[in-house]
Amino acid sequence: YRTIIEVWADLKERFSYNNAPIIFQIERDIVSLNQGTLPMTAYCSNLKGLWDELLSYKDLPICTCGSSKKSEEQGQRGEVMQFLVDLNDSYHAIHVQILLIQPLPTIGKIHSMILQEEKQCDYVISSEVFLADTQRTNKGSNSSNESYIVANAMEITIQLIDVSIYMASLLI
């Protein structure tokens, strides 16, 4: 060898291997992954793990001109779209809200928003079950006034939660 560049080229040729089959399989796994019956956290973790693994196999050019930032933003936008496309239909309402936010939030922020939505839905369902139980228990008794007060308090609480979530979404 006459130069260090020739030595490096020879070593690279001898010891490098083709990552195309691995990259192909990871891309296939990403495309075929959907939430299905997975909890939101598991779905998000699986997808993020595949994206990170894929990134580790890609040769990213070193750029100092600033165009890499634009390319990275487009990649993140693609990840957000992939994430939203494969969500269950039960997340349709928040899915629509997320698409209206400019610029699109990160996957982490979207995951947080969806978890908040899940908690609110769980709370509303619990409140409705409580109200139904309270009304059934108090039927025929003399405490209908108490039942009315509890029902109004629960309704006000639900409305406050809705307002809080709306306000939080404006801050995003």
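In this text the structure is predicted, and so the values were computed from the model without any measurement.

Parameters at a glance
- Residues numbered from 1 in each chain as written.
- Predicted model: local features only at pLDDT ≥ 70, side-chain atom pairs only at ≥ 80, totals over all residues.
- Heavy atoms only, no water.
- Core = buried A, V, L, I, M, F, W, Y, C linked by side-chain atoms within 4.5 Å.
- Buried < 20%, exposed > 50% of the residue type's maximum accessible area, 1.4 Å probe, protein only.
- Helix = DSSP H or I, 4+ residues; strand = E, 2+ residues; numbered from the N terminus.
- Salt bridge = Lys/Arg side-chain N within 4 Å of Asp/Glu carboxyl O.
- Expected span 1.5 Å × (residues − 1).

Visitor: Give a description of the nonpolar core that names residues and reports values.
Guide: If you look at the biggest cluster of nonpolar residues, it comprises 23 residues, and the most contacted ones within it are Phe83, Leu87 and Ile114. Those elements that place two or more of their residues in this core are α2 (20-32), α3 (40-57), α4 (67-85), α5 (92-100) and α6 (107-138). The element best represented in this core is α3, accounting for 7 residues.

Visitor: Explain the pattern of salt bridges to me, using residue names and the numbers behind them.
Guide: When their charged atoms lie close together, side chains carrying opposite charge are able to pair. Overall, the coordinates contain 2 salt bridges when judged by the stated rule. Residues arginine 2 and glutamate 6 are paired through a salt bridge, measuring 3.9 Å at the closest nitrogen-oxygen approach. A salt bridge links lysine 48 to aspartate 52; the nearest nitrogen and oxygen atoms lie 3.1 Å apart. With lysine 48 and aspartate 52 both in helix α3 and 4 residues apart, this pair spans about one turn of that helix.

Visitor: Break down helix α1 (residues 4-15) for me, citing the residues and quoting the values.
Guide: Since the α-helix packs 3.6 residues into each turn, any two residues three or four apart lie on the same face. With 12 residues, α1 extends 16 Å from end C-alpha to end C-alpha; this agrees with the ideal 16 Å at 1.5 Å per step. Burial runs low along α1: only 1 of the 12 residues are buried.

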